[in-house]
Structures are given as structure tokens and as C-alpha cells.
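# Close look at the chain arrangement
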Amino acid sequence: ANFTLAAVGLTPGAWDELSHATLVLGRAFGRALAHLRGRPELLGVLGIPETLAPLCASLTAPGDWSFLSRFDWAWTADARWKLLEVNSDTPAGLWETGFIEGDVARLHPGAVPPSRGFWPALASSWMRWTERYLGDGAASRRLEVGLVGALGSPEDADQLRAHARAAREALPLAMLYIAKPEDLSLRVLVPAFMISELKRA
């Protein structure tokens, strides 16, 4: 109901203005995230529970944060840009930006997809964070990667499809598993000495 295949043509000046505004907002988010580092007490206003706040406020590499969102802009009647909202981790936004956008552009001769570098950027992020947490060369190893979401929701399903596509490109030897939260099971490994203690108890 809220999607159209019609493209909006922008002049070079309007595009430059939009690009500049987006970059400036991105820098503002970077400053805000840097300010929140090590200050879990400031996260309450964002609705983050106290138990999770310390984890959210701790960054191993403060200069290399990862933020994925969609800025929703409106072109007003007086020819100005107005920011409607910031959709942080918008579920369908990944698939719309990376795939549907190109199809829409092809329907309009002369149009160029604004986010042509989206897929390489998302795959690069997968590779970068995999090697950060699993070590150099991890992206080329045989890994098992689980992607979990509410598959009954079309938006969540699109989110997982987009990440799976990027992960396959970044981790060519990985096995990818897509599942619903209720499909998960937790296995606890208990050392042998603890088992004997439990039996005695």
C-alpha cells in the first residue's frame, strides 16, 4: 500500500543537497554513539533495559561502529527536503534498497539506482566483522552461520534474504541456516567433574 514503482527525478543540485544532509546526519550519529560509549546510564531514555545498557555502551573499537538505517525524506511543495523519520534497521529496507531499487530504475530510462554500492558494502561489513571476531582469514573458512527472524512476517523474511545474500558473497564456504526463534534450542555443556558432583547431591 505504501510502495510505488514510479521514480522521482532529482536534479543534480537536489541530489547533492540530499547527499550532504545524509552525510551530516551520519556524522551526528557517530558523535552521539561516541558520547554514549562507557555511559550506560544515558541509555534509559532510549528504552534500553538497565541489564542490557552496559553491553550496548561498550565498544571494542569505538571508531568503527556499524549503523544501518534508512533516512525517509520528503520533497516538499516549496522544493525543500524534509526528514520524516529515521528507520533504524528497517526490516524491508535492505531488500528494497538492494534489489527492488534496481528494478524500479530499469523501468525509467535514464534513471540510476541511488544505492548502487549497497550489496558490496553489506558484504564487506559481513567480512569485516567476521574476521574481527573470529580472526584473520575466518571469512574464507568453513563456518556455520545462523540467521534468525520472524519468517512469518514478510518484512523480516526480506531482511534475512538480504543478509543471506550478502553473507554468501562475503563467506563463500559458510553454511547458512535460516530459522525462526522458536526453532532454536540451547545446549549446555557440563564438565564431567560437575556431573559427578550433581549426582552426589
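Look up: the structure comes first, before these words.
Residues numbered from 1 in each chain as written. Predicted model: local features only at pLDDT ≥ 70, side-chain atom pairs only at ≥ 80, totals over all residues. Heavy atoms only, no water.

### Here's the deal with the side chain of E101
- Position of E101 relative to the elements: it lies in helix α3 (residues 93-106).
- Take E101: its relative accessible area is 17%, and that puts it in the buried class.
- Contacts of E101, omitting those with residues within four sequence positions, involve E96, P113, P114, S115 and R116. (Helix = DSSP H or I, 4+ residues; strand = E, 2+ residues; numbered from the N terminus. Buried < 20%, exposed > 50% of the residue type's maximum accessible area, 1.4 Å probe, protein only. Contact = heavy atoms within 4.5 Å.)

### What to know about the nonpolar core
- In terms of nonpolar packing, the biggest core is built from 20 residues, with W126, V145 and L171 touching the most fellow members.
- Broken down by secondary-structure element, the contributors of at least two residues to this core are α3, α4 (118-134), β3 (144-148) and α5 (154-170).
- No other element matches the 6 residues that α5 contributes to this core. (Core = buried A, V, L, I, M, F, W, Y, C linked by side-chain atoms within 4.5 Å.)

### Some remarks on the pattern of salt bridges
- Tallying each qualifying case throughout the model produces 3 salt bridges.
- Measuring nitrogen to oxygen at the nearest pair gives 2.9 Å for the salt bridge that ties D158 to R161. Remark: R161 and D158 occur in helix α5; sequence separation between them is 3 residues, near one turn of the helix.
- In this structure, the salt-bridge partner of K180 is D183, at a minimum N-O distance of 3.3 Å.
- A relative accessible area of 29% means that K180 is categorised as partly exposed.
- Taking the relative accessible area as the measure of exposure, D183 reaches 45% and is therefore partly exposed. (Salt bridge = Lys/Arg side-chain N within 4 Å of Asp/Glu carboxyl O.)

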